[in-house]
Amino acid sequence: MDFIDRILKHLMDSKWHSIEEIEKDISEQPWHKIHHTLHFLNELEFVNIQNNRIILTSKGFKLMEL
């Protein structure tokens, strides 16, 4: 899924980002699809979501190296 790659690449700077920022960056996708995808990535521990903010985890960085 191209938009998942875009989400993960957006987070490669190791900084916290608002979920709203991610939604704006991937605006061609419906918000509910983005929201479900972010929570799926969180369940797999590729990202960490806290207080409507998101950051890439070390496991997410390893995924991006593949």
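Thresholds applied
- Residues numbered from 1 in each chain as written.
- Predicted model: local features only at pLDDT ≥ 70, side-chain atom pairs only at ≥ 80, totals over all residues.
- Heavy atoms only, no water.
- Helix = DSSP H or I, 4+ residues; strand = E, 2+ residues; numbered from the N terminus.
- Buried < 20%, exposed > 50% of the residue type's maximum accessible area, 1.4 Å probe, protein only.
- Contact = heavy atoms within 4.5 Å.
- Areas by Shrake-Rupley, 256 points an atom, 1.4 Å probe, with all protein chains shown as cover.
- Lys, Arg positive; Asp, Glu negative; His and termini not counted.
- Charge placed at Lys NZ, Arg CZ, Asp CG, Glu CD.
- Salt bridge = Lys/Arg side-chain N within 4 Å of Asp/Glu carboxyl O.
- Pairing = 2+ DSSP bridges.
- Core = buried A, V, L, I, M, F, W, Y, C linked by side-chain atoms within 4.5 Å.

Caption draft 1: View of the overall build of the protein chain. For the protein chain, the helix and strand inventory stands at four helices and three strands. Listing the helices and strands of the protein chain from first to last along the sequence gives α-β-α-α-β-β-α. Along the first, second and third principal axes, the C-alpha atoms of the protein chain reach 25 × 25 × 20 Å. Looking at the 66 residues of the protein chain, the share that counts as buried comes to 33%. The long-range share in the protein chain, meaning contacts at least 24 apart out of those at least 6 apart in sequence, stands at 48%. A total of about 4,400 Å² of accessible surface is found on the protein chain, and carbon and sulfur atoms cover 51% of it. Computed over 8 positive and 11 negative side-chain charges, the separation of the two mean positions in the protein chain equals 2 Å.

Caption draft 2: View of the pattern of salt bridges. Enumeration over the complete set of coordinates arrives at two salt bridges. A salt bridge links Glu28 to Arg6; the nearest nitrogen and oxygen atoms lie 2.5 Å apart. In this pair, Glu28 sits in the loop between α2 (19-25) and α3 (31-43) while Arg6 sits in helix α1 (residues 2-10), placing the two residues 22 residues apart along the sequence. Residue class for Arg6 comes out partly exposed when judged on its relative accessible area of 28%.

Caption draft 3: Molecular detail of the environment of Ile4. Position of Ile4 among the secondary structure elements: in helix α1. Placed 34 residues apart in sequence, Ile4 and Leu38 show a C-alpha to C-alpha distance of 8.7 Å.

Caption draft 4: Inspection of the environment of Met12 at higher detail. Residue position: Met12 is located in the loop between α1 and β1 (17-18). In sequence terms Met12 and Leu66 are 54 residues apart; their C-alpha atoms lie 14 Å from each other. Apart from residues lying up to four places away in sequence, Met12 is in contact with Leu56, Phe61 and Met64.

Caption draft 5: Molecular detail of the pairing of strand β2 (residues 47-50). The alternating pattern of β2 places Val47 and Ile49 on a buried face and Asn48 and Gln50 on a face that is not buried. As defined by bridge partners, β2 adjoins strand β3 (residues 53-56) across four bridges and the pair is classed as antiparallel. Bridge pairing links Ile49 to Ile54 in β3.

Caption draft 6: Structural detail: the nonpolar core. Judged by nonpolar contacts, the single largest core of 16 residues is most densely connected at Ile7, Leu11, Ile22, Leu38, Leu41, Val47 and Ile54. The element best represented in this core is α1, accounting for four residues. Once residues lying within four places of it in the same chain are set aside, the contact partners of Val47 are Leu8, Leu11, Leu38, Leu41, Asn42, Ile54, Ile55, Leu56 and Thr57.

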